Amino acid sequence: MAKGPRCKNIGDHFIPIRAGNKWQIKFAMSTKNAGGYHKKFLYPSLLKNELLGAKIEDVRGQYGERRALAPLKGSNLFQYIVPNRSGDTSSLACYSLSPVSAESQKLLTSARKVAQKISPMPFKVMAAPELQDDFYCSLVDWSSQNIVSVGLERCVYLWSACSGKVTRLLDLSEDGNSVTSVAFNKQGNLLAVGSTYGGVQVWDTVVNRQLKMMQGHAGRVGTLAWNGNILSSGSQDTFILQHDMRMPSLVAERRLVGHQEEVCGLKWSPDNKYLASGGGDNCLFVWDLHSLSPLQKYTRHLSAVKAVAWSPHHHGILASGGGVDDQCLHFWNTLTGELVKCINTGSQITNLAWSKFSSPLVSTHGFPDNHICVWNYPSLRQLTKLTGHSFRVLHLAVSPNG
């Protein structure tokens, strides 16, 4: 450093001063696809705050027309004079519990609108001959390995969304049996298949080999749900059976008794502690993982409850949809046992699924409209309505990327 009264704040002429240097640089932002600005501009704006001292507090001001940050005060990119720190409160940042600056904290909490762009046209249409028109069956599932399983009458087919290859996994023709439900486990390597005669098969879809054949139901198995190594099955015999895949026994480990008619909807909560079940008796039950008696029973529906879905974003929120004589979408707070919201959709509700990464909920419908709806939660504003099916939309599965 140079010495003397006139140059005490002057650094070396060849080595820039790094301490406190924010390196304010002129830069512009792209205007392409401003609709998804909350994703495109949040992270770059955060970097500009932390690395360049841009002091951006709201991402909404960073898209649209091209704009530059604070212009350079000189012609040099680097500075060789120690900045005047009088009135500078940046040293207080060392006492903050956040790893980012105050401006970045405001940036992260600023309102960001999510642009909903849902095409009214399907990106792929697959032929599904002999797909049963049965409200009580669940014949489509999509694995975490991007494989779609479809039960067509007596056979189960696998379609790879990556390669487009179609494989026939099993055929029940020899027994005169029919496929009534399919469900992948979380890892996507095991597929459970329910049948008309009450049996449940478990197949390894990687090597296309049957691992287990489990009995116990006296009627068709119309719904299946995995919870780690536990497989739950709901049947026309009104029972819910739970099989532990680690046990050699072919008989169910636990039997849940509560429904008076066919069990047609099963879903485990995101924390894997609670099982929701809907039935043809118009009832919705909530079961504890370790209990044989239901914790809660909801009886507001006026028709069969097949559509059941837990919210991955709101702890304890359970959505359920009623059949053709009900047509209502209910939202329950299972922590308090109270009904949170209810809306009449005007059509039979056959399936429900929450978006994995945002708040919207999708519902599929039967009579009279045979359509698909996407709802915003909690406002329940209808974001879009998709048409194209000629008959009831009875089966629904969400891709692994959401």
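1. Digging into the overall build of the protein
1) Next: When you go through the protein residue by residue, the secondary structure sums to three helices and 24 strands.
2) Next: The buried share of the protein, reckoned over its 402 residues, is 45%.
3) Next: In the protein, the share of contacts with a sequence separation of at least 24, taken over all contacts with a separation of at least 6, comes to 46%.
4) Next: Carbon and sulfur atoms provide 53% of the accessible area of the protein, an area that totals close to 21700 Å².

2. Things to note about the packing of aromatic side chains
1) Next: Scanning all chains against the criterion turns up six aromatic pairs.
2) Next: Centroid distance Phe 135 to Tyr 136: 5.3 Å. Interplanar angle 85°. Geometry classified as edge-to-face.
3) Next: Considering the side-chain rings of Phe 331 and Tyr 377, the 4.9 Å spacing of their centres and the 35° angle between planes classify their relative orientation as tilted. Here Phe 331, found in strand E19 (residues 328–333), pairs with Tyr 377, found in the loop between strand E23 (372–376) and strand E24 (381–386); they are 46 residues apart in sequence, far enough to count as distant. One exposure class covers both Phe 331 and Tyr 377, and it is buried.
4) Next: Through successive ring pairs, a cluster of aromatic residues spans Phe 331, Trp 354 and Tyr 377.
5) Next: When the ring centre of Phe 239 is taken as reference, the NZ or CZ atom of Arg 255 above it lies at 4.5 Å.
6) Next: A cation over a ring is seen here: Lys 306 above Phe 135, with NZ or CZ 5.6 Å from the ring centre.

3. Concerning the side chain of His 365
1) Next: Mapping His 365 onto the fold places it in strand E22 (residues 361–365).
2) Next: Of the polar contacts made by the side chain of His 365, one reaches the side chain of Ser 363; its length is 2.8 Å.
3) Next: Not counting residues up to four positions away in its chain, the partners in contact with His 365 are Thr 345, Ser 347, Gln 348, Ile 349, Thr 350, Asn 370, His 371, Cys 373, Arg 392 and Val 393.

4. Notes on the confidence of the model for the protein
The predicted structure's coordinates, where accompanied by low pLDDT, should not be read in detail.
1) Next: For the protein, mean pLDDT is 84; residues scoring 70 or higher make up 78% of the total.
2) Next: Below a pLDDT of 50 lies the segment residues 23–37, which in the model reaches 39 contacts outside its immediate sequence neighbourhood of four places, other chains included.
3) Next: The model gives residues 64–73 a pLDDT under 50, and that stretch makes 19 contacts with residues more than four places away or in other chains.

5. Some words on the environment of Lys 273
1) Next: Relative to the helices and strands, Lys 273 is located in the loop between strand E13 (263–268) and strand E14 (274–279).
2) Next: Spatially, the C-alpha atom of Lys 273 lies 5.3 Å from that of Leu 289, the residues being 16 residues apart in sequence.
3) Next: Among residues more than four places away in sequence, those in contact with Lys 273 are Trp 268, Trp 287, Asp 288 and Leu 289.

6. Structural notes on the layout of surface pockets
Sizing a probe to match a water molecule and rolling it over the atoms shows the empty space that remains.
1) Next: Looking at the second largest pocket, its volume works out to about 1500 Å³.
2) Next: Along the walls of the second largest pocket sit 45 residues, with Asp 141, Phe 184, Lys 267, Trp 268 and Lys 356 positioned nearest its centre.
3) Next: Within the residue set of the lining of the second largest pocket, elements represented by two or more residues are strand E1 (140–142), strand E5 (179–184), strand E9 (221–227), E13, strand E17 (305–310) and strand E21 (349–354).

7. Overview of the pairing of E22
1) Next: Of all five residues making up E22, five are buried, and the element is well covered by its neighbours.
2) Next: Every second residue of E22 is oriented toward a common face, with Leu 361, Ser 363 and His 365 on one face and Val 362 and Thr 364 on the other, all of them buried.
3) Next: Here E21 runs beside E22; their pairing, made up of five bridges, is antiparallel. In the strand pairing of E22, Asn 351 is matched with Thr 364.
4) Next: In textbook terms, the turn of a hairpin is the stretch between consecutive antiparallel strands, and for E21 and E22 this stretch comprises six residues.
5) Next: The sheet contact formed by E22 and E23 spans four bridges and is antiparallel. Residue pairing for E23: Thr 364 is matched across the bridge by Ile 372.

8. Side note on a nonpolar patch on the surface
1) Next: Judged by side-chain polarity, Tyr 43, Leu 47 and Leu 51 come together as a nonpolar surface patch covering roughly 340 Å² of accessible area.
2) Next: Mapped onto the elements, Tyr 43 comes out in helix H2 (residues 42–52).
3) Next: Tyr 43 gets classed as exposed once you look at its relative accessible area, which sits at 55%.

9. Things to note about the environment of Gln 201
1) Next: Mapped onto the fold, Gln 201 is located in strand E7 (residues 200–204).
2) Next: With a relative accessible area of 12%, Gln 201 lands in the buried category.
3) Next: Residues Gln 201 and Lys 212, spaced eleven residues apart in sequence, show a C-alpha to C-alpha distance of 5.6 Å.

10. Remarks on the sheet that holds strand E10 (residues 230–235)
1) Next: Reading across from one edge, E9-E10-E11-E12 is the order of the four strands in this open sheet, with antiparallel pairing throughout. Single-partner strands in this sheet number two, and they are E9 and strand E12 (254–257). Recorded for the sheet is a direction-independent mean angle of 20° between the axes of neighbouring strands.
2) Next: As paired elements, strand E11 (residues 239–244) and E12 share four bridges and run antiparallel to each other. If you follow Phe 239 over to E12, its bridge partner there is Val 257.

11. A few points about the packing of H2 against helix H3 (residues 102–109)
1) Next: The N-to-C vectors of H2 and H3 enclose an angle of 170°; their axes lie 9 Å apart at closest approach. As summarised for this structure, H2 and H3 are arranged roughly antiparallel, according to the angle between their axes. Where H2 abuts H3, its residues Leu 42, Ser 45, Leu 46, Asn 49 and Glu 50 lie against Glu 103, Ser 104, Leu 107 and Leu 108.
2) Next: Taken together, the residues that form the contact of H2 with H3 break down as four nonpolar, three polar and two charged.

12. Notes on the sheet that holds strand E16 (residues 294–298)
1) Next: With antiparallel pairing, four strands are arranged side by side in an open sheet as E13-E14-E15-E16. Here the strands that pair on one side only, and so sit at the sheet edges, are E13 and E16. Each strand of the sheet is rotated relative to its neighbour by a mean of 20°, with strand direction disregarded.
2) Next: Pairing analysis gives five bridges linking E14 to strand E15 (residues 284–288), with the strands arranged antiparallel. In the sheet register, Tyr 274 faces E15, and the bridge partner there is Asp 288.

Cut-offs and rules
Residues numbered from 1 in each chain as written. Predicted model: local features only at pLDDT ≥ 70, side-chain atom pairs only at ≥ 80, totals over all residues. Heavy atoms only, no water. Helix = DSSP H or I, 4+ residues; strand = E, 2+ residues; numbered from the N terminus. Buried < 20%, exposed > 50% of the residue type's maximum accessible area, 1.4 Å probe, protein only. Contact = heavy atoms within 4.5 Å. Areas by Shrake-Rupley, 256 points an atom, 1.4 Å probe, with all protein chains shown as cover. Phe/Tyr/Trp six-rings, centres within 6.5 Å; stacked < 30°, edge-to-face > 60°. Lys NZ or Arg CZ within 6 Å of the ring centre and 35° of its normal. Polar contact = N/O pair within 3.5 Å; in protein donor to acceptor, adjacent residues only side chain to side chain. pLDDT = per-residue confidence, 0-100. 1 Å grid on protein atoms, 1.4 Å probe; cavity = no way out; pocket = protein on both sides within 12 Å on 5 of 7 lines; lining within 4 Å. Points joined across faces, edges and corners; volume = space filled by probe spheres on them. Pairing = 2+ DSSP bridges. Patch = residues over 30% accessible without salt bridge, like charges linked within 9 Å, V, L, I, M, F, W, Y side chains within 5 Å. Salt bridge = Lys/Arg side-chain N within 4 Å of Asp/Glu carboxyl O. Axes fitted to C-alpha atoms, helices over the stretch in contact; angles between N-to-C directions. Parallel < 35°, antiparallel > 145°, perpendicular 65-115°, else oblique. Nonpolar A, V, L, I, M, F, W, Y, C, P; charged D, E, K, R; others polar.

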